[in-house]
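# Commentary on secondary and tertiary structure
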Amino acid sequence: MFNWCKNIKVGTSIIVIVVFSIISLVIINFQGVNGMKKINSNMEKMYANRMVPSLLACDASNVIKDMRANAYKAIAESSTKYDAQIKDCESKFYKDMAQYSKSEMDDIEIKDIKEAKEALREYMKCWETAQLYMGMKKPIPDEINEKWNKCTDEMLKSLDDLNIHNAEVAAKLDKEGSEVFNFTKVQFLIVVIISIIILIAI
């Protein structure tokens, strides 16, 4: 009679463990799948909305530096022959920003791109004015040179701010993915530990 009761107790405990394990595994599996979807989504966002735009912002920054170098050559030589190169740089900049704008931008990115474009428009106005003075073989006024440099600094700052922002958002997405993975791992370990404790208690 005692053995029969003991067998029922053991059998019931095993059933409880099996049911507990199945339910736990289903829950962990469900959360694990959702976690993987979240991690995958974050990776896609990092690539499409952070890494690619950052590359475009870096390229635009290099374009602005090339534009500045050509402008310095034009001033040094008092020549308008660099007009084509400068306008080519302008075209490349707008192309990069058009590609950047296809990503899912937030308010910070929209603001930085708007400021960079406004600075470039002012820069090109300075260039047109500078060409008039160079065409007349007259020195370019200091205020034009100062505004030129200011516009260049503003463009480069806006592009640098874009890259800093992208790096911060990418780091946040990476942290979220790590937290999801660690949470799922902890849940699995808890289930294993509880199952072992139940087995020992039988």
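Just above sits the structure.
Residues numbered from 1 in each chain as written. Predicted model: local features only at pLDDT ≥ 70, side-chain atom pairs only at ≥ 80, totals over all residues. Heavy atoms only, no water.

Next up on the list: the side chain of Ser79. With respect to the helices, strands and loops of the structure, Ser79 is situated in the loop between α1 (2-77) and α2 (83-100). Assessed through its relative accessible area of 17%, Ser79 is described here as buried. Each residue touching Ser79, except ones within four places of it in the same chain, is listed here: Ala74, Trp127 and Met134. (Helix = DSSP H or I, 4+ residues; strand = E, 2+ residues; numbered from the N terminus. Buried < 20%, exposed > 50% of the residue type's maximum accessible area, 1.4 Å probe, protein only. Contact = heavy atoms within 4.5 Å.)

Right, let's get into unusual backbone geometry. You will see that Ser78, though not glycine, has its phi angle at about 50°, which is positive. By secondary structure assignment, the location of Ser78 is in the loop between α1 and α2. Looking at Ser78, the relative accessible area reads 29%, which means it is partly exposed. Positive phi outside glycine occurs at Lys137, with the angle close to 60°. If you trace the backbone, Lys137 turns up in the loop between α3 (107-135) and α4 (142-201). Residue classification places Lys137 among the exposed positions, given a relative accessible area of 69%.

The next thing to look at is the pattern of salt bridges. Across all of its chains, the model carries eight salt bridges by this definition. Note that Asp83 and Lys87 form a salt bridge whose closest N and O atoms lie 3.4 Å from each other. Placement of both Asp83 and Lys87 in helix α2 is noted, with a separation of four residues, approximately one turn of the helix. Judged by relative accessible area, which is 18%, Asp83 ranks as buried. The closest approach of N and O atoms between Asp161 and Lys157, which form a salt bridge, is 2.9 Å. (Salt bridge = Lys/Arg side-chain N within 4 Å of Asp/Glu carboxyl O.)

Our next topic: the environment of Lys138. Position of Lys138 relative to the elements: it lies in the loop between α3 and α4. Considering only alpha carbons, one finds Lys138 and Ser78, 60 residues apart in sequence, at a separation of 8.6 Å.

This part takes up α3. For α3, spanning 29 residues, the distance from its first C-alpha to its last is 42 Å, which sits close to the expected 42 Å at 1.5 Å a residue. Capping of α3 at its N-terminal end is provided by Asp106; its side-chain oxygen lies 3.2 Å from the backbone amide nitrogen of Ile108. A positive phi of about 60° marks Lys137, the residue just after α3. (Expected span 1.5 Å × (residues − 1). Polar contact = N/O pair within 3.5 Å; in protein donor to acceptor, adjacent residues only side chain to side chain.)

On inspection of all chains with the given rule, the structure shows three aromatic pairs. Arranged with centres 5.7 Å apart and planes meeting at 75°, the rings of Phe93 and Tyr94 form a pair that is edge-to-face. Assessed through its relative accessible area of 0%, Phe93 is described here as buried. The partly exposed category is assigned to Tyr94, whose relative accessible area is 27%. Residues Tyr123 and Trp148 carry aromatic rings whose centres are separated by 5.8 Å and whose planes lie at 50° to one another, so their mutual orientation is tilted. (Phe/Tyr/Trp six-rings, centres within 6.5 Å; stacked < 30°, edge-to-face > 60°.)

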